[in-house]
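Okay, here's what each chain looks like letter by letter:
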Amino acid sequence: MRIIAAWARLDGQRRWRSLAALALLVALATATVLTAAAGARRGQTAFDRLWARTLPATVTALPNQPGFNWSRIRALPEVSSLTTFAVARYLLVGYPPTDQNTGFPPGDSQVFRTIERPVVLQGRLLDPGRADEVDVTALFPTIYGKGVGDTLTLQLPSPQQGQNYDPSSGQPPRGPKIRVRIVGVVRSPWFSDAPGAEGAVIPSPALLAHYRANLMGVHGDGYINALVRLKGGEAAIPRFRADLARVTGRSDIDVWDNLALYGDPVRRVTSYEAACLLAFGLAALAAAFFLIGQSVARYISATVADLQILRAPGMTPRQATAAACAAPFLAAVAGATLGIAGAIVASQWMPIGVASMLEPQPGISVDWLILGVGWAAAPLLVLAGSAVAAAAALAAGRAQRPARRSVFAAAAARAGAPVPVLIGTRFALEPGRGRSALPVRPALMGAVAGVLGVLAAFTFSAGVTDAAAHPARFGQTNQLDSFIGENGQDPGPVGPALRAVAASRDVTGLDDALIAVAQSGQVSISTYTYDPVGGKRLPIVLTAGRLPTGPGEIALAPTTARQLHATTGATIRLTGGAHPVAVRVSGLGFVPEGPHNDYDSGLGHPRGL
Amino acid sequence: MNHGPAAPARASVPANGSRVIGPPPAVRVRGARRSFEAESIPVRALRGLDLDVAAGEFVAVMGPSGCGKSTLLNVIAGLDQPDDGSIEVAGERIDGRDEEWLARFRRQHIGVVFQFFSLLDGVSVLDNLVLPGILGGLRRRAATSRGRDLLDLLGIGEHGGRAPSALSGGQRQRLAIARALVNDPDLLLADEPTGALDSDGAQQVLALLRRLHAGGQTLIMVTHAPEVAAAAGRVVWMRDGRMEERP
């Protein structure tokens with residue numbers, strides 16, 4: 001042991017630069033791999049952790065019916081808590097009206113208390129009694145440059161505009177301007193950001209209370225919908241649906257299973273993100289194996305060449321192996337410790353992507369399990385690599401074998417290749433011997449793997465960019481949608497307007513979509529008619545089967561098909577209309593996106609279902 | 001010819017180098033064979049060689065290049081293993097032993113000096129002695145003290161803090177001898193110890209070897225130079241992997 005300590009001390013003194021470089025490489029690799037691994041674990045659990053601590057709404061009930069009586073629903077035995085919100089819009093003054101997410105004004109003070117009690121990322125929760133206080137979601141300060149303590153000006157619609165006011169119409173709201181102060185940045189499953197979102201303002205329940213006419217219209221005929229937390233969680237949804245239908249006499253009320261609607265896609269995305277992070281971590285680990293392996297192999301090769309000198313005075317192979325490994329091991333311990341510190345610092349940028357929008361505790365996070373394993377594994381891997389390299393070098397030294405010659409270099413020599421080519425080939429392919437010996441095969445494999453890895457990364461990146469830039473590739477084939485009329489009422493003759501739009505040279509496809517909500521079992525399904533105007537059919541993307549051709553056929557969007565466990569040729573039963581109907585699934589395909597569905601959820605059918 | 005001071009009395013020695021009577025030898029080699037490949041060409045370095053060296057004796061092994069002198073020294077030192085035959089040093093059979101055992105045996109019983117010094121260039125002159133001292137079981141402080149004593153004894157005490165590469169050839173070989181002596185070995189093996197030195201350096205080293213022999217150190221020295229071999233008490237000759245009879 002004394003000789004190993006003595007050698008490590010001497011080696012550290014004379015080759016501290018090499019050891020420092022090795023320690024830095026280990027630190028970089030450890031920090032990168034562990035940041036990715038811990039970030040993956042954190043990202044994969046982000047939604048579930050947020051769900052577990054924010055009293056999330058189990059369902060969103062959307063009767064979209066003026067004057068709906070929520071007190072009867074609130075009294076249902078399976079309802080744990082319920083909070084209402086107005087389907088009403090207003091504007092943030094000073095910012096472009098498009099893409100503003102001003103949030104539906106809460107209708108009561110249950111929100112933030114007994115349901116959707118968000119984590120406060122900064123500041124505090126708003127006072128439900130003060131109309132001049134708002135909270136915002138985490139993206140808002142980044143997008144708008146306004147944070148806690150800053151003020152915003154909200155402009156409400158006039159009572160005449162009321163709940164029909166739509167900021168995207170281009171008309172300015174004509175109601176009062178209200179100066180509000182941002183008091184907090186909050187996050188819950190309902191009050192969170194989505195990819196591409198701009199951040200949301202969450203007004204106080206006092207806003208609706210004080211400006212009800214502006215937000216609900218002169219006659220108070222705006223919609224009040226609700227978030228509902230059920231005592232039995234998801235399992236209580238069927239009972240809630242049944243009681244809702246019984247109490248209201250309506251079977252077509254859209255009831256979102258929030259966990260299935262938000263949680264499942266989010267979990268898929270965050271799992272994918274976690275897998276990507278892990279893949280990145282593994283790629284970094286593989287690169288580190290080559291990079292650090294080279295460094296260790298070179299170091300050990302030179303050290304063993306020195307230690308061979310001590311063979312004559314009596315150094316045993318075990319002592320030589322241990323002595324050769326000691327300094328790299330200590331450097332790796334130092335590097336791993338530095339890497340752990342780096343991973344802790346870097347954790348503030350984790351998780352990434354969608355998970356970052358759902359993380360209940362953003363900022364620095366210490367995952368002791370992963371960091372502990374990494375801290376132990378990195379030096380042990382270096383130790384194992386050093387031991388193998390030392391044993392191989394000692395064996396080679398004892399065998400006194402001649403240095404391996406490259407067959408390619410020999411062939412080049414026989415072919416009369418120029419001297420620079422021969423020298424270059426030998427440098428590249430022959431390991432040499434003694435202190436200057438290098439493991440050329442791992443170096444070549446590392447170079448090839450590195451180039452392939454870079455190519456794969458660029459190819460993947462180009463593929464993702466291409467798919468993102470061409471939504472048609474994944475089924476989104478329409479660029480615009482416009483809502484004309486509601487609840488079966490058109491504001492005027494729609495036919496001439498549709499024909500005029502279809503006549504435009506720039507329009508290649510136009511669908512007169514009648515939108516409704518149907519139920520099949522426990523699944524709410526947004527339904528769209530496939531009804532081309534002027535012979536210009538939207539290019540519907542099918543993943544299986546064919547488009548429906550008659551009233552008894554439908555095409556299911558992929559996610560809905562998965563929820564219903566239905567495939568092409570299956571027959572499903574739909575309720576929500578005047579009477580239940582049985583329809584045949586003619587194919588699986590995508591539908592237009594709407595307020596209640598994504599492009600891969602819902603169903604399409606010909607007119608007349 | 002200087003045979004060195006106080007060469008011990010010895011029994012009659014046949015021309016092939018093996019001793020047949022007298023006290024137990026410090027080194028006994030019987031029927032040693034060793035072959036290897038160099039650049040894909042088989043080389044039979046030792047072909048059934050016998051050799052006895054008595055304790056306290058100073059033997060020079062001479063012969064032309066490639067006759068197996070260095071292989072013989074390596075086999076006696078346990079740095080190489082014979083393919084056949086027996087090697088006995090200080091009363092212990094060392095042939096067929098594993099590397100661990102040989103290394104431990106070497107550190108207690110054998111010191112080796114090489115033609116090109118074989119020093120650790122990256123560490124100081126003193127540390128070149130301290131490390132073998134620690135290998136031999138000394139604590140660091142004791143090894144340092146022993147190293148300083150040896151450096152002083154060999155006349156290079158003022159260079160302890162310098163790198164070996166800063167020393168002259170003769171000084172470096174003296175340092176190599178000092179390293180071989182750190183653990184007070186029974187047997188000192190020297191492979192062409194003056195081969196890389198100028199004449200002054202060679203004389204210094206030979207004088208040192210004679211001094212050691214005079215103190216009772218058993219020495220086997222390989223050389224191809226008669227004037228160097230003349231420092232030894234006995235000279236044996238090798239040719240083609242065997243001892244050669246010389247009149």
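Residues numbered from 1 in each chain as written. Chains lettered and ligands numbered in written order. Predicted model: local features only at pLDDT ≥ 70, side-chain atom pairs only at ≥ 80, totals over all residues.

Describe in detail the overall build of chain A, supporting the description with residues and values.
Counting secondary structure elements, chain A contains 15 helices and 17 strands. A compact globule built from 609 residues would reach a C-alpha radius of gyration of about 25 Å, whereas chain A, at 33 Å, exceeds it by more than 25%. With the C-alpha coordinates aligned to their principal axes, the bounding extent of chain A is approximately 100 × 55 × 45 Å. Across the 609 residues of chain A, 41% fall into the buried class. Across chain A, every contact between residues at least 6 apart in sequence was considered, and the portion connecting residues at least 24 apart equals 79%. (Helix = DSSP H or I, 4+ residues; strand = E, 2+ residues; numbered from the N terminus. Rg over C-alpha atoms; globule rule 2.2 N^0.38 Å. Buried ≥ 20, exposed ≤ 12 C-beta atoms within 10 Å, placed from the backbone. Contact = placed C-beta atoms within 7 Å.)

Describe in detail the sheet that holds strand β1 (residues 59-62) of chain A, supporting the description with residues and values.
Residues and elements named next belong to chain A. Across the sheet, which stays open at both edges, the 4 strands sit in the order β2-β9-β1-β10 with antiparallel pairing between neighbours. Every other strand in the sheet has two partners, leaving β2 (79-86) and β10 (254-257) as the edge strands with one partner each. Taking each pair of neighbouring strands and ignoring which way they run, the sheet shows an average axis angle of 20 degrees. The pairing of β1 with strand β9 (residues 224-230) spans 3 bridges and is antiparallel. (Pairing = 2+ DSSP bridges. Axes fitted to C-alpha atoms, helices over the stretch in contact; angles between N-to-C directions.)

Give a description of the nonpolar core that names residues and reports values.
Across soluble globular proteins, nonpolar side chains have a tendency to be buried as a group. Residues V26 of chain A together with I76, L189 and I220 of chain B are the most contacted members of the largest nonpolar core, which totals 132 residues. Broken down by element, the residue count for this core peaks at 14 residues, all from helix α2 (residues 16-53) of chain A. Beyond its immediate chain neighbours, meaning those up to four positions away, I220 of chain B contacts V27, V53, V59, V61, L73, I76 and L189 of chain B. If you look at the next biggest cluster of nonpolar residues, it comprises 64 residues, including V136, I178, V185 and L227 of chain A. (Core = buried A, V, L, I, M, F, W, Y, C linked by C-beta atoms within 7 Å.)

Give a detailed account of the environment of V296 of chain A, specifying residues and quantitative values.
Residues and elements named next belong to chain A. Its location among the elements puts V296 in helix α8 (residues 258-307). Since 29 C-beta atoms lie within 10 Å of it, V296 is described here as buried. Between the C-alpha atoms of V296 and T54, which are 242 residues apart in sequence, the distance is 49 Å. Discounting chain neighbours no more than four positions away, the residues touching V296 are L22, P328, V382, G385, S386 and A389.

Please provide a residue-by-residue account of the interface of chain A and chain B, values included.
Listed by partner, the interface residues are 18 residues for chain A and 23 residues for chain B. Top element by residues in the side of chain A that touches chain B is helix α1 (residues 2-14) of chain A. It accounts for 6 residues. When its residues are assigned to classes, the side of chain A that touches chain B shows 11 nonpolar, 2 polar and 5 charged. (Nonpolar A, V, L, I, M, F, W, Y, C, P; charged D, E, K, R; others polar.)

Give a description of helix α9 (residues 317-346) of chain A that names residues and reports values.
Taking 1.5 Å as the rise per residue, α9 of chain A with 30 residues should run 44 Å; its terminal C-alpha atoms sit 42 Å apart, in good agreement. Within α9 of chain A, the axis deviates most sharply at A326 of chain A, by approximately 30 degrees, and proline P328 of chain A lies no more than four positions further along. (Expected span 1.5 Å × (residues − 1). Bend = angle between axes of the 7 residues up to and from the residue.)

Can you tell me about the sheet that holds strand β1 (residues 27-38) of chain B, naming the residues and giving the values?
All names here are of chain B. The strand order across the open sheet formed by 4 strands is β2-β1-β4-β5, and the pairing between neighbours is antiparallel. Sheet topology places β2 (41-53) and β5 (92-93) at the edges, where each strand pairs with a single neighbour. Sheet analysis places β1 next to β2, joined by 10 bridges and oriented antiparallel. Counted as the bridge partner of V27 is V53 from β2.

A description of the domain arrangement of chain A should follow, citing residues and the corresponding values.
All names here are of chain A. Parsing chain A into structural domains produces domain 1 (2-51 + 265-399), domain 2 (64-252) and domain 3 (495-606). Each of domain 1 and domain 2 has a C-alpha centre, and these two points are 49 Å apart. With 7 residues of domain 1 at the interface, the matching set in domain 2 holds 10 residues. Residues of the side of domain 1 that touches domain 2, tallied by class, amount to 7 nonpolar, no polar and no charged. (Domains from an automatic or database assignment.)

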